[in-house]
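# Summary of structural features
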Amino acid sequence: MSTAPTPVCAFDIAPDGTATPCDVDAKPRAGWRWLHFDLSDPRIPDWLAQQLPGPVATALQTLETRPRFDAVHGGALINLRGVNLNAGADPEDMVALRIWATEDCVITMRRRRIMALDAIRKDAEAGDAPATPDGFLAAVAEGLTERIEAVSLDLEDQVDDLEEEIVAGREDCAQQVLELRQTIIKLRRFVGPQKDALLNLGRGVSSQAHSDAGPHILETANRAARTAEALEAARDRMAALQDHLESRASATLARNGYVLSIIAAIFLPLGFLTGLFGVNVAGMPGTGHPLAFAILSGASLVIGVALYLAFRWAKWL
């Protein structure tokens, strides 16, 4: 009984790109082999330990990964990230792709569905698979980068719309600014290292005289670099918007406090006057005069208006 894990897909791919489904344990045919696994399969650890060098097997099963490219043990260990386009998921919650590539075999590992690999699998089923492992790596890099670019452009559009709304005077968008800034930061966390990994991958592939996929990967790395720069710019714009909202809120608070201070300054002498005349002691003037209350009210009004005009003249209001 076979102890090999059940692959998501397994193909023997001929030099003309024709892909034939195969068993994991079957003898390879001419061309190269692509094995794609889900790490949730409990048979993965034992099978990897039997098939690959120990450090490579361990790296392919690491829970937390960051983009990397390392040439080790006669092959290439590659970690990449793609936006999470699964139903109900946030795109910035990026999914990890782990790759072990040699001249005649590519093993890919994932924990969550990766749309870029699904597209390559569908092409393979249609008889249009990459003809070489290098071509496969170029297709993976391009597929991941295209989807990241699309999400990045959408985020840039959201930043543009939010900037216009804030400039127009919208007040209730602080939470939206914070959430969008956090989304950009999460996406930028992996896109930055990924451009370096793709650059190293492109250089490594270009060093092989028989491969023409190197320039393709290097161009993809350049696109990833542009995306990283765009995300950095969007992140800085969101930080500026957040600072603007905070300064505008502080200015509003200061202005309101200033107005209250002026009002208190106007009513301070009036409060003193009414308090003085409100004491219940003998000898208060006007207690027996029928117009005393009207006179006191009029005097208070005159004092209040005079103070207001004085503040206006002093340009405090």
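Here goes a summary of the coordinates provided. Here the structure is a predicted model, which is why all the values come from computation and not from measurement. (Residues numbered from 1 in each chain as written. Predicted model: local features only at pLDDT ≥ 70, side-chain atom pairs only at ≥ 80, totals over all residues. Heavy atoms only, no water.)

### Observations concerning the packing of aromatic side chains
On inspection of all chains with the given rule, the structure shows four aromatic pairs. Taking NZ or CZ as reference, Arg81 lies 4.0 Å from the ring centre of Phe190, over its face. (Phe/Tyr/Trp six-rings, centres within 6.5 Å; stacked < 30°, edge-to-face > 60°. Lys NZ or Arg CZ within 6 Å of the ring centre and 35° of its normal.)

### Description of a nonpolar patch on the surface
On the surface, Tyr258, Val259, Leu260, Ile263 and Phe267 cluster together into a nonpolar patch covering about 490 Å² of accessible area. Within the secondary structure layout, Ile263 lies in helix 6 (residues 214–277). (Patch = residues over 30% accessible without salt bridge, like charges linked within 9 Å, V, L, I, M, F, W, Y side chains within 5 Å. Areas by Shrake-Rupley, 256 points an atom, 1.4 Å probe, with all protein chains shown as cover. Salt bridge = Lys/Arg side-chain N within 4 Å of Asp/Glu carboxyl O. Helix = DSSP H or I, 4+ residues; strand = E, 2+ residues; numbered from the N terminus.)

### So, helix 1 (residues 44–51)
Among the residues making up helix 1, those that are buried are Ile44, Trp47 and Leu48. Mapping the buried residues of helix 1 onto a view down its axis gives an arc of 100 degrees, with all of them on the same face. In helix 1, the exposed positions that point more than 90 degrees away from the buried face belong to Asp46, Ala49 and Gln50. Contacts from the buried residues of helix 1 go to strand 3 (32–38), helix 2 (54–60) and strand 7 (105–110). (Buried < 20%, exposed > 50% of the residue type's maximum accessible area, 1.4 Å probe, protein only. Arc of directions from axis to C-beta. Contact = heavy atoms within 4.5 Å.)

### Considering unusual backbone geometry
Look at His73: it is not a glycine, yet its phi comes out positive at around 50 degrees. Among the secondary structure elements, His73 is positioned in the loop between strand 4 (68–72) and strand 5 (75–82).

### Examining a negative patch on the surface
Taken together, Asp154, Asp157, Asp161 and Glu164 make up a surface patch of like negative charges. By secondary structure assignment, the location of Asp161 is in helix 4 (residues 133–167). (Lys, Arg positive; Asp, Glu negative; His and termini not counted. Charge placed at Lys NZ, Arg CZ, Asp CG, Glu CD.)

### Regarding the pattern of salt bridges
As enumerated under the stated definition, the model contains 14 salt bridges in all. Taking the shortest distance from any N to any O, the salt bridge between Asp70 and Arg68 comes out at 2.6 Å. You can call Arg68 partly exposed: its relative accessible area is 29%. Of the charged contacts in the structure, one is a salt bridge between Arg223 and Glu149, with a shortest N-O distance of 2.7 Å. Taken together, the residues span a long stretch of sequence, with Arg223 in helix 6 and Glu149 in helix 4 at a distance of 74 residues.

### What about the packing of helix 4 against helix 5 (residues 174–206)?
Running from amino to carboxyl end, helix 4 crosses helix 5 at an angle of 155 degrees, the nearest separation of the two axes being 10 Å. By the angle between their axes, helix 4 is roughly antiparallel relative to helix 5. Crossing geometry of helix 4 relative to helix 5 is assigned as left-handed. Along its contact with helix 4, which presents Asp134, Leu137, Ala141, Leu144, Thr145, Ile148, Val151, Leu155, Gln158, Val159, Leu162 and Ile166, the element helix 5 presents Gln176, Val177, Leu180, Thr183, Ile184, Leu187, Val191, Gln194, Leu198, Leu201 and Val205. (Axes fitted to C-alpha atoms, helices over the stretch in contact; angles between N-to-C directions. Parallel < 35°, antiparallel > 145°, perpendicular 65-115°, else oblique. Left-handed = near helix turned anticlockwise from the far one by under 90°.)

### Considerations on the side chain of Asn86
Its location among the elements puts Asn86 in the loop between strand 5 and strand 6 (95–101). Polar side-chain contacts of Asn86 include one of 2.8 Å to the side chain of Asn84. If we skip the residues at most four places from it in the chain, Asn86 touches Val95, Arg112, Arg113 and Met115. (Polar contact = N/O pair within 3.5 Å; in protein donor to acceptor, adjacent residues only side chain to side chain.)

That's the geometry; what it means functionally is another story.
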